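Descriptive analysis of the structure
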Amino acid sequence: MPDLGLNVLFKGKNLTRLLGGLGVALQISLLSVGISIVLGILLGVLMTWKNPVSRVLTRLWLETVRIMPQMVLLFLVYFGTTRVFGWNLSGEMSAVIVFSFWGAAEMGDLVRGALLSIPAHQYESAAALGMSGAQTYRYIILPQTVRRLIPLSMNLITRMIKTTSLVLMIGVVEVLKVSQQIIEANRMSSPNAAFGVYLTVFFLYFIACWPISVLAGYLEKRWK
Amino acid sequence: MEKRTAEANIMEPILTVNSLTKRFGDLTVLDGINLKVREGEVIVIVGPSGCGKSTFLRCLNALEDIQGGEIRLRGETISRDSKDLTKLRQKIGMVFQSYELFPHLNVLDNILLAPTKVQKRDREEVKKEAMALLARIGLESKAESFPRQLSGGQKQRVAIIRALCMHPEVMLFDEVTAALDPEMVREVLDVILELANQGRTMLIVTHEMQFARAIADRVVFINEGRIWEEGKPDRFFDDPKTERAKQFLQTFTFERKRAEEGTSRLASESCAPDAG
């Protein structure tokens, strides 16, 4: 059996450090997901407005996010703002800003789609029962939108968790950065550590994302 | 029934429509409609597809904005700009062609939502009323079911009860059986017939001519956005005045022949409460 380099995991506090790194990654993604959902719902409602100004602005936002690699956005926010505006943003902060900017746009697009998929007669039946616009949204439209949205947004959330692996480029010590440190430190004693450590990282991401996929599948089935 | 109509005649109209005009862009859909509806009157609106009859009904509830004329419910103007529009709409119940129950709520919650949230009535009290009405149409066992578990006919009957629980003064029915399988049409029409017997004020758009004849106090024939003729159902169906109405009714000839017995059966049934 070849040496898979798994032994380094049990040296010192390496496994705990890896888990800590995963914790940082999850913290960044969960915070960004939370902000993205709130901003995304507002943005999604704006996207359905017929007002040309809101249309152009939201469209521009979405296209920027789609066209720009997340890495470029991270560099722009982390390095770029320091000199130009004199902001001293931490790597984590920059990551949350970029991921929320990205997540809000994509979430907004999902919300827009879900809102538009609610048939017009749902609004009309509510109106015919004497409901105000706010009541219609609260009791009729939003509950149905959320049901359509949750399975779709699960996919976005797993993508955001996976993409946190980029933030090591702006000096955040997350799971991938910890892996590199462990591999570097053990280059002489266990040269095969790269395989074992990255394999472990693979499973860590899997454990973080798989329950979300399962939940999405379950909700999709339950709400049809 | 005769007596009720006679009484209704001397009453003030509950709903008044004055030279109502509705345009979609350059297309004039309704062109100066005048109509007075008395309390307890059942008006059936018939006409060829695209004549504007559904649009007319939707205007009465301000689901469409109008370009001319006015609609008054007991002296209050109904329009998209009315300040009390949501209040006015509570007085007008409407049932649509497409099954429009709220899919995320069960039958009972569909019925209770507007009375409890909009009218702020006591949930238990409305629930009692809703259950009694559901029992009346034989659906009390479906109170906890979701709309997707019901047949089209059941959904429409629930939609009628949902509208009734708001205690509307006028009920509007927009081709409520048009999307139903034939065997489900009857169960829905029976419910509407019962409402007529209770003396409710109703405006009904339908393509069911036998039903129209049985239930109507007055038939209104709309063509090309105008009222071409109106009158008692027997007069309209047996002896239409205009050529266009004759043509229109001829498209139902096949149904009318079969309807001879059907009509009298329906008619005797609708009179049953007076007889009994």
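Here the structure is a predicted model, which is why all the values come from computation and not from measurement. (Residues numbered from 1 in each chain as written. Chains lettered and ligands numbered in written order. Predicted model: local features only at pLDDT ≥ 70, side-chain atom pairs only at ≥ 80, totals over all residues.)

1. Topic: the overall build of chain A
What counts is decided by this rule: Secondary structure elements are defined from DSSP: runs of H or I of at least 4 residues count as helices, runs of E of at least 2 residues count as strands, and each element is numbered from the N terminus. Just to be clear, the radius of gyration here is over C-alpha atoms, and the globule rule we use is 2.2 Å times residues to the power 0.38. Put plainly, a residue is buried at 20 or more neighbouring C-beta atoms within 10 Å of its own, exposed at 12 or fewer, and partly exposed in between, counting only other residues' C-beta atoms, which are placed from the backbone. We call two residues in contact when the distance between their C-beta atoms, placed using the backbone, is within 7 Å.
Counting its regular elements, chain A contains 8 helices and 0 strands. Mapped from its N terminus to its C terminus, chain A presents α and β elements in the order α-α-α-α-α-α-α-α. Compactness check: chain A gives a C-alpha radius of gyration of 22 Å against a globular reference of 17 Å for 224 residues, more than 25% above the reference. For chain A, the C-alpha atoms occupy an extent of roughly 75 × 50 × 25 Å along the three principal directions. Residue burial in chain A is summarised as follows: out of 224 residues, 34% are buried. A fraction of 80% describes how many contacts in chain A between residues 6 or more apart in sequence connect residues 24 or more apart.

2. Quick word on the overall build of chain B
For chain B, the count of helices and strands is 11 helices and 10 strands. Burial analysis of chain B (276 residues in total) assigns 41% to the buried set. Across chain B, every contact between residues at least 6 apart in sequence was considered, and the portion connecting residues at least 24 apart equals 66%.

3. Thoughts on the pairing of strand β8 (residues 201-205) of chain B
All names here are of chain B. Applicable threshold: In this analysis, strands are considered paired if DSSP registers two or more bridges between them.
Counting buried residues in β8 gives 5 out of 5 residues, a clear majority hidden from the surface. Residues Thr 201, Leu 203 and Val 205 of β8 are buried on one face, and the alternating residues Met 202 and Ile 204, pointing to the opposite face, are buried as well. With 4 bridges connecting them, strand β3 (residues 42-46) and β8 associate as parallel partners. Within β8, the residue paired with Ile 43 across the bridge is Leu 203. Across 5 bridges, the pairing between strand β7 (residues 170-174) and β8 is parallel.

4. Observations regarding the interface of chain A and chain B
Going by this rule: Classification used: nonpolar for Ala, Val, Leu, Ile, Met, Phe, Trp, Tyr, Cys and Pro, charged for Asp, Glu, Lys and Arg, polar for all others including Gly.
Taken together, the 16 residues of chain A in the interface contact 18 residues of chain B. Secondary structure elements with two or more residues in the side of chain A that touches chain B: α5 (120-128) and α6 (133-163) of chain A. Counted by class, the side of chain A that touches chain B contains 7 nonpolar, 7 polar and 2 charged residues.

5. Quick word on α6 of chain A
Heads up, the rule is: Here the expected span of a helix is defined as 1.5 Å times the quantity of residues minus one. Here the bend at a residue is taken as the angle between two axes, fitted respectively to the seven residues that end there and the seven that start there.
Helix length check: α6 of chain A, at 31 residues, gives a terminal C-alpha distance of 39 Å against a target of 45 Å (1.5 Å per residue), a shortfall beyond 12%. In α6 of chain A, a bend of some 40° at Ile 141 of chain A exceeds every other bend along the element, and Pro 143 of chain A, a proline, comes one to four places later. Taken as a whole, α6 of chain A has its buried residues at Tyr 139, Ile 140, Ile 141, Gln 144, Thr 145, Leu 149, Ser 153, Ile 157, Met 160, Ile 161 and Thr 163 of chain A. Tucked into the core, α6 of chain A has its buried residues touching α1 (14-48), α3 (70-84), α4 (91-116), α5 and α8 (193-223) of chain A together with α4 (107-117) of chain B.

6. Details of the confidence of the model for chain A
The line we're drawing: Every residue gets a pLDDT, meaning the predictor's confidence in that residue, from 0 to 100.
In the predicted model, chain A carries a mean pLDDT of 88, and 99% of its residues have values of at least 70. By mean pLDDT, α8 of chain A is the weakest element of chain A at 86, and α5 of chain A is the strongest at 93.

7. So, the environment of Phe 10 of chain A
Its place among the elements puts Phe 10 of chain A in the segment before α1. Taking the C-alpha atoms as reference points, Phe 10 of chain A and Leu 110 of chain A, 100 residues apart in sequence, are found 43 Å from one another.

8. Digging into the environment of Leu 168 of chain A
Residues and elements named next belong to chain A. Tracing the backbone through its elements, the reader meets Leu 168 in the loop between α6 and α7 (175-185). As a C-alpha pair, Leu 168 and Ala 25 span 143 residues in sequence and 9.8 Å in three-dimensional space. Apart from the residues lying within four places of it in its own chain, the contact partners of Leu 168 are Glu 174, Leu 176 and Lys 177.

9. Description of the sheet that holds strand β1 (residues 13-24) of chain B
Residue and element names in this part refer to chain B. Selection rule: For helices, the axis comes from a line fit to the C-alpha atoms of the stretch in contact; other axes are also lines fit to C-alpha atoms, and the angle between any two N-to-C directions lies between 0 and 180 degrees.
Taken in spatial order, the 4 strands line up as β2-β1-β4-β5 in an open sheet, and their pairing is antiparallel. The sheet is open, and its two borders are formed by β2 (27-38) and β5 (76-77), each paired with just one other strand. Taken together, the 9 bridges between β1 and β2 define a ladder with antiparallel strand orientation. Within the sheet, the bridge partner assigned to Leu 15 lies in β2 and is Val 37. Docked against the sheet, helix α2 (residues 53-60) engages β1, β2 and β4 (68-73), running at close to 60° with respect to β2.

10. Some remarks on helix α6 (residues 152-164) of chain B
Residues and elements named next belong to chain B. Taking 1.5 Å as the rise per residue, α6 with 13 residues should run 18 Å; its terminal C-alpha atoms sit 19 Å apart, in good agreement. The element α6 is largely enclosed, with a buried count of 11 among its 13 residues. Where α6 is buried, its residues touch β6 (92-95), α4, α5 (123-136), β7 and α7 (182-197).

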